[in-house]
Amino acid sequence: MRPSLSPVVAGLMLAAVPIAAVAAPRLTLAGVFSDADETMQFLMIALVAASLAAIIVTGLKLASGKRLNGGSAFVSALRLGGPLMGLLGAAFVLLMSFIGIANFGPVPLPVLAPGFAEAALLFLLGLITGVVGVVCHWIIEARIDRAVLQS
């Protein structure tokens, strides 16, 4: 003879199934980075490194005194190239995601979320790099203007 479950216990067990399916590990920035393709990881690291390099170049330019040294071309290129590189990476990730969806069929949102988060992170890093490039370019231009006007 099989023991029967009360309707309340059976209802609680059925209600717990969707909760168990949703209780997947939380998505973090480190998780998005670690799940990304090696090429996209390289692009993310390159965007962060370019932002840091722009800050260093700007600091060196400010510390050079009245002497005008190089670095302006790098910062000028970064303010336009950073957002474009981030957008290119985001577009590539989204393209690969949509190709996967088309080949596989309907996919639940928790499966798609890491790919969309990766695309958003690439786009955000590109925008941050562009903003850092613009601010550093303004600082360098102001430094050049002061040096030229004082001589």
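This report concerns the structure included in the present document. (Residues numbered from 1 in each chain as written. Predicted model: local features only at pLDDT ≥ 70, side-chain atom pairs only at ≥ 80, totals over all residues. Heavy atoms only, no water.)

### Examining the packing of helix 3 (residues 38-63) against helix 4 (residues 72-104)
With their axes 10 Å apart at the nearest point, helix 3 and helix 4 run at an angle of 165° to one another. Classified by the angle between their axes, helix 3 and helix 4 sit roughly antiparallel to one another. In the crossing of helix 3 with helix 4, the sense of the turn from one axis to the other is left-handed. Mapping the contact onto sequence places Met-40, Leu-43, Leu-47, Ala-50, Ser-51, Ala-53, Ala-54, Val-57, Thr-58 and Lys-61 in helix 3 and Ser-72, Phe-74, Val-75, Leu-78, Gly-82, Met-85, Gly-86, Gly-89, Phe-92 and Val-93 in helix 4. Along the lines of polarity and charge, the residues of the contact of helix 3 with helix 4 split into 13 nonpolar, six polar and one charged. (Axes fitted to C-alpha atoms, helices over the stretch in contact; angles between N-to-C directions. Helix = DSSP H or I, 4+ residues; strand = E, 2+ residues; numbered from the N terminus. Parallel < 35°, antiparallel > 145°, perpendicular 65-115°, else oblique. Left-handed = near helix turned anticlockwise from the far one by under 90°. Contact = heavy atoms within 4.5 Å. Nonpolar A, V, L, I, M, F, W, Y, C, P; charged D, E, K, R; others polar.)

### What about the packing of aromatic side chains?
Counted under the stated rule, the structure contains one aromatic pair. With a centroid separation of 6.3 Å and 55° between ring planes, the pair formed by Phe-98 and Phe-116 is classed as tilted. On the criterion of sequence distance, the pair formed by Phe-98 in helix 4 and Phe-116 in helix 5 (residues 109-150) is long-range, its members being 18 residues apart. (Phe/Tyr/Trp six-rings, centres within 6.5 Å; stacked < 30°, edge-to-face > 60°.)

### Details of the side chain of Thr-129
For Thr-129, the position within the fold is in helix 5. Under the relative-accessibility criterion, Thr-129 is labelled buried at 1%. One polar contact links the side chain of Thr-129 to the main-chain carbonyl oxygen of Leu-47, over a distance of 3.2 Å. Apart from residues lying up to four places away in sequence, Thr-129 is in contact with Leu-47, Ala-50, Ser-51, Leu-78 and Gly-82. (Buried < 20%, exposed > 50% of the residue type's maximum accessible area, 1.4 Å probe, protein only. Polar contact = N/O pair within 3.5 Å; in protein donor to acceptor, adjacent residues only side chain to side chain.)

Remember that the coordinates give geometry; whether it matters functionally is a separate question.
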